[in-house]
Amino acid sequence: MKIAVLPGDGIGPEVTAEAVAVLESLALPGLTLFSGDVGGAAYHRHGVPLPDETLEVARVADAILFGAVGDPACDALERHLRPEQAILGLRKHLGLFANLRPARVFAGLEHLSPLRTDIAGGLDLLIVRELTGDVYFGAKGQRVTDDGEREGWDAMSYAEHEVRRIAHVAFRAAAVSGQPLTSVDKANVLETSQLWRDVVIEVAAEYPGVTLDHMYVDNAAMQVVSHPDRFGVVLTGNLFGDILSDLASAAVGSIGLLPSASLGERQTAHGTYGLYEPIHGSAPDIAGQGKANPMATILSAAMMLRHSFGREDDAVRIEAAVARTLADGILGGDLGGSHGTAAIGAAVRERL
Ligand SMILES: NC(=O)c1ccc[n+]([C@@H]2O[C@H](COP(=O)([O-])OP(=O)(O)OC[C@H]3O[C@@H](n4cnc5c(N)ncnc54)[C@H](O)[C@@H]3O)[C@@H](O)[C@H]2O)c1
Ligand SMILES: CC(C)[C@H](C(=O)O)[C@@H](O)C(=O)O
Ligand SMILES: [Mg+2]
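Residues numbered from 1 in each chain as written. Chains lettered and ligands numbered in written order. Predicted model: local features only at pLDDT ≥ 70, side-chain atom pairs only at ≥ 80, totals over all residues. Heavy atoms only, no water.

(A) Summary view of the site of ligand 1. Taken together, 20 residues are adjacent to ligand 1, and E84, G281, A283, D285 and N293 come closest. At 2.8 Å from an oxygen atom of ligand 1 is found a side-chain nitrogen or oxygen belonging to D285. When ligand 1 is considered free in solution it has 800 Å² of accessible area, and contact with the protein chains removes 68% of it. Residue composition of the shell around ligand 1, by class: 10 nonpolar, 6 polar and 4 charged. (Near = heavy atom within 4 Å. Polar contact = N/O pair within 3.5 Å; in protein donor to acceptor, adjacent residues only side chain to side chain. Areas by Shrake-Rupley, 256 points an atom, 1.4 Å probe, with all protein chains shown as cover. Nonpolar A, V, L, I, M, F, W, Y, C, P; charged D, E, K, R; others polar.)

(B) Local environment of the domain arrangement of the protein. Split by domain assignment, the protein resolves into domain 1 (1–97 + 258–352) and domain 2 (114–252). One C-alpha centre belongs to domain 1, the other to domain 2, and the line joining them spans 24 Å. Contact residues are listed per partner, giving 9 residues for domain 1 and 14 residues for domain 2. The contact between domain 1 and domain 2 buries some 1100 Å² in all, and 72% of this surface belongs to carbon and sulfur atoms. For domain 1, the biggest contributors to the area lost against domain 2 are K92, F97 and L258; these three give 54% of the whole. Connecting domain 1 to domain 2 are 2 residue pairs in polar contact (both at pLDDT 80 or more). It is helix α4 (residues 84–93) that provides the largest number of residues to the side of domain 1 that touches domain 2, a total of 3 residues. Per-class residue counts for the side of domain 1 that touches domain 2 are 5 nonpolar, 1 polar and 3 charged. (Domains from an automatic or database assignment. Contact = heavy atoms within 4.5 Å. Buried area = accessible area lost by both parts, 1.4 Å probe. Helix = DSSP H or I, 4+ residues; strand = E, 2+ residues; numbered from the N terminus.)

(C) Focus on the packing of helix α1 (residues 12–24) against helix α12 (residues 341–350). The N-to-C vectors of α1 and α12 enclose an angle of 15°; their axes lie 10 Å apart at closest approach. Viewed along their axes, α1 and α12 adopt a mutual orientation that is roughly parallel. When the axes of α1 and α12 are compared, the crossing they make is right-handed. Of the residues in α12, those in contact with E14, E18, A21 and V22 of α1 are T341, A342, G345, A346, V348 and R349. Looking at the contact of α1 with α12, its residues break down into 5 nonpolar, 2 polar and 3 charged. (Axes fitted to C-alpha atoms, helices over the stretch in contact; angles between N-to-C directions. Parallel < 35°, antiparallel > 145°, perpendicular 65-115°, else oblique. Left-handed = near helix turned anticlockwise from the far one by under 90°.)

(D) Here's a closer look at the site of ligand 2. As a matter of local geometry, ligand 2 sits amid E84, L88, R91, R101, R129, Y136, D242 and I279. The separation between an oxygen atom of ligand 2 and a polar side-chain atom of R91 is 2.7 Å. Within the contact set of ligand 2, an oxygen atom lies 2.9 Å away from a side-chain nitrogen or oxygen of D242. For ligand 2, the protein covers 77% of the area, taking 320 Å² as the surface of the free molecule. Sort the elements by how many residues they give to the shell around ligand 2 and α4 lands first, with 3 residues. In terms of residue class, the shell around ligand 2 is made up of 3 nonpolar, no polar and 5 charged. Both domains that meet at the shell around ligand 2, namely domain 1 (1–97 + 258–352) and domain 2 (114–252), each give it at least three residues.

(E) Representation of α12. For α12, the complete set of buried residues consists of T341, I344, G345, A347 and V348. Relative to the axis of α12, the buried residues are bounded by an arc of 160° and lie together on one face. The elements touched by buried residues of α12 are α1, α10 (295–307) and α11 (312–327). (Buried < 20%, exposed > 50% of the residue type's maximum accessible area, 1.4 Å probe, protein only. Arc of directions from axis to C-beta.)

(F) Structural view of the environment of T211. Along the chain, T211 turns up in the loop between α7 (191–204) and β9 (212–216). When the C-alpha atoms of T211 and L258 are compared, they prove to be 26 Å apart, with 47 residues separating the residues in sequence. When near neighbours in sequence (up to four residues on either side) are disregarded, T211 contacts P180 and L181.

Written out as structure tokens, the structure is:
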């Protein structure tokens, strides 16, 4: 079990340390951890946010545990040198087009949600976010128009094959879980979304057992907080999925609770090759203070054991330990408590 640990910036190293400690406490056979520099940390040391050595470390591993990247000191750099290019580059270079972001209110933990408890109780959804296309990876730039005005532009596009392969991931997830599938787009305005919707309808013909509906993204944002029980699997593009997943995390209670798996087609001897990271960023406002909630990263490690190593029992064990820790009132500042990163990590390990 070869795992590349890429801690990154800000709270990234703090939260990955706790997830690594959880993995180490499980006595996993042949567990081998190696690390690499990414993000601002890599820029400061190597002059680039994603050094070739790091990409190589990621490639030879069976799975990657990623913390977060982002450093305000780097925000004025040319875009290709900014820390965020590390995670975008890893996703693209490694072909990790399918991003799974589960958001669920554990039974008995409805009080952690800012939603009314009867509404929060219905929140159990899986966002399937396309991760290597869309406006994120289109041509972009700034120019001066004929009128002498500055203009910024970003091209949004999806090729048919990109929509088709992520749609299959979402339909398979819906078929296995028996949940309905909602495809979220903006087909009333965007041609990219019209093609998205047309292709999703074509793919649906191969999954007659799955109930499919389509929703515009603005309506979806509203329904996630007003009627979360309407959603099972949510299929969407890169940009909409980014925004909807932060929204879903707030509805659960905190962005410090939401994990993710980024998968492609590559299989290893153990399972599906993938990158696992919390959905949050480097949180510069609390970095270095031992305040970050490590649960999202710990739950990402659980997803790694499930998808990349076929260890469902260990994954469930970690998820149950996190739920028990929350139920016992061991809460970070993000959830109105006063427990720090190390205390939360230790509490989860005690409950494994
Ligand atoms: N995948 C990634 O590496 C990733 C994801 C999102 C943002 N970013 C980057 O992170 C930097 C900061 O971005 P941002 O402030 O918009 O988003 P952020 O997710 O870092 O933080 C948003 C808010 O949530 C809080 N927060 C986040 N994670 C938390 C945790 N585990 N425990 C407690 N509180 C937590 C922060 O303190 C902050 O108030 C930027 O450079 C951004 O580009 C990186
Ligand atoms: C840091 C940024 C590039 C990234 C994204 O937009 O995908 C982040 O917000 C995320 O959700 O993983
Ligand atoms: Mg995001």
